[in-house]
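Structural description and commentary
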Amino acid sequence: RVKIAHRISVNKTVCFGKPVITGTRISVDLILGKLAGGMSYGEAVKEYGITHEDILATLDYASKVLSGEEIKMVGEHAPVPHQ
């Protein structure tokens, strides 16, 4: 297991190496998707057995990853897919 951020780690044998909440098999993208779909923090805590701090760490990690993302534009309105 390799810690990549506060409360977030990766392990090639857990969730195919996706970032997860440390000590769980709950992936960052799962929690982000549930929150984006309208699940409340409280519902996520109950449903997945995680903490409020785990959710904040997930959001912080995602924010930091996206802050380095750059979308290259082709023409005026056509983004090039990120690869």
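Before going into details, it helps to say that this report is about the structure given with it. (Residues numbered from 1 in each chain as written. Predicted model: local features only at pLDDT ≥ 70, side-chain atom pairs only at ≥ 80, totals over all residues. Heavy atoms only, no water.)

A separate point is helix α1 (residues 28-36). Along α1, the positions that sit buried rather than exposed are Val28, Ile31 and Leu35. Relative to the axis of α1, the buried residues are bounded by an arc of 70° and lie together on one face. The elements touched by buried residues of α1 are β2 (8-10), β3 (20-21), α2 (41-48) and α3 (52-67). Within two residues after α1, Gly38 carries a phi angle of roughly 110°, on the positive side. (Buried < 20%, exposed > 50% of the residue type's maximum accessible area, 1.4 Å probe, protein only. Helix = DSSP H or I, 4+ residues; strand = E, 2+ residues; numbered from the N terminus. Arc of directions from axis to C-beta. Contact = heavy atoms within 4.5 Å.)

Viewed as axis vectors pointing N to C, α2 and α3 meet at an angle of 110°, and their least axial separation amounts to 9 Å. As far as their axial angle goes, α3 and α2 are roughly perpendicular. Crossing handedness for the pair α2 and α3: right-handed. Residues Tyr41, Ala44 and Val45 of α2 touch α3, and the partners they reach there are His52, Ile55, Leu56 and Leu59. Looking at the contact of α2 with α3 residue by residue, the classes come out as six nonpolar, one polar and no charged. (Axes fitted to C-alpha atoms, helices over the stretch in contact; angles between N-to-C directions. Parallel < 35°, antiparallel > 145°, perpendicular 65-115°, else oblique. Left-handed = near helix turned anticlockwise from the far one by under 90°. Nonpolar A, V, L, I, M, F, W, Y, C, P; charged D, E, K, R; others polar.)

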